[in-house]
Amino acid sequence: MSAAPADSITTPTQPSQESQPILVADPLVGKIDELITLCQVLDQHRREYRETAERLADDNANLRRVLRHTHQQIEQLADHIRQMEA
């Protein structure tokens, strides 16, 4: 009678060789899932940053064109003023 309770107590606490890798792999699977999620988030941020950088480059090019045109207009006005003073 005393052997039955002892067997029932020790059997659940000692995992079989088949279930042992599953217990060891569970934390690793969780970490892998976390890393996959982190990689997806970082990839999304990278795409957003790339889009922002492209937009800023376009805006910068447009501003340069506007400044170049404004500079030309200022030079023309300065030349016109000089001609009027002469």
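Definitions and cut-offs
Residues numbered from 1 in each chain as written. Predicted model: local features only at pLDDT ≥ 70, side-chain atom pairs only at ≥ 80, totals over all residues. Heavy atoms only, no water. Helix = DSSP H or I, 4+ residues; strand = E, 2+ residues; numbered from the N terminus. Buried < 20%, exposed > 50% of the residue type's maximum accessible area, 1.4 Å probe, protein only. Areas by Shrake-Rupley, 256 points an atom, 1.4 Å probe, with all protein chains shown as cover. Patch = residues over 30% accessible without salt bridge, like charges linked within 9 Å, V, L, I, M, F, W, Y side chains within 5 Å. Salt bridge = Lys/Arg side-chain N within 4 Å of Asp/Glu carboxyl O. Lys, Arg positive; Asp, Glu negative; His and termini not counted. Charge placed at Lys NZ, Arg CZ, Asp CG, Glu CD.

1. Brief notes about the overall build of the protein chain
Then, number 1: What the protein chain contains, in helices and strands, is 2 helices and 0 strands.
Then, number 2: Counting every position in the protein chain, which comprises 86 residues, the buried fraction comes to 0%.
Then, number 3: Of the roughly 8,100 Å² that the protein chain leaves accessible, carbon and sulfur atoms contribute 62%.

2. Describing a negative patch on the surface
Then, number 1: A grouping of Glu48, Glu51, Glu54, Asp58 and Asp59 is seen on the molecular surface, where their side chains present a negatively charged patch.
Then, number 2: Take Asp59: it is sitting in helix H2 (residues 20–85).

3. Looking at the pattern of salt bridges
Then, number 1: Scanning all chains against the criterion turns up 3 salt bridges.
Then, number 2: One salt bridge in this structure joins Arg46 and Asp43, with 2.2 Å as the shortest N-O distance. In this pair, Arg46 and Asp43 are both assigned in helix H2, 3 residues apart and thus about one turn of the helix distant.
Then, number 3: Judged by its relative accessible area of 39%, Arg46 is partly exposed.
Then, number 4: Linking Asp79 and Arg82 is a salt bridge whose minimum nitrogen-to-oxygen distance equals 2.6 Å. You can see Asp79 and its partner Arg82 sitting in helix H2, 3 residues apart, about one turn around the helix.
Then, number 5: Given the relative accessible area of 38%, Asp79 is considered partly exposed.

4. Section: a nonpolar patch on the surface
Then, number 1: On the surface, a cluster of nonpolar side chains totalling about 280 Å² of accessible area is made up of Leu28, Ile32 and Ile36.
Then, number 2: Inspection of the secondary structure puts Leu28 in helix H2.

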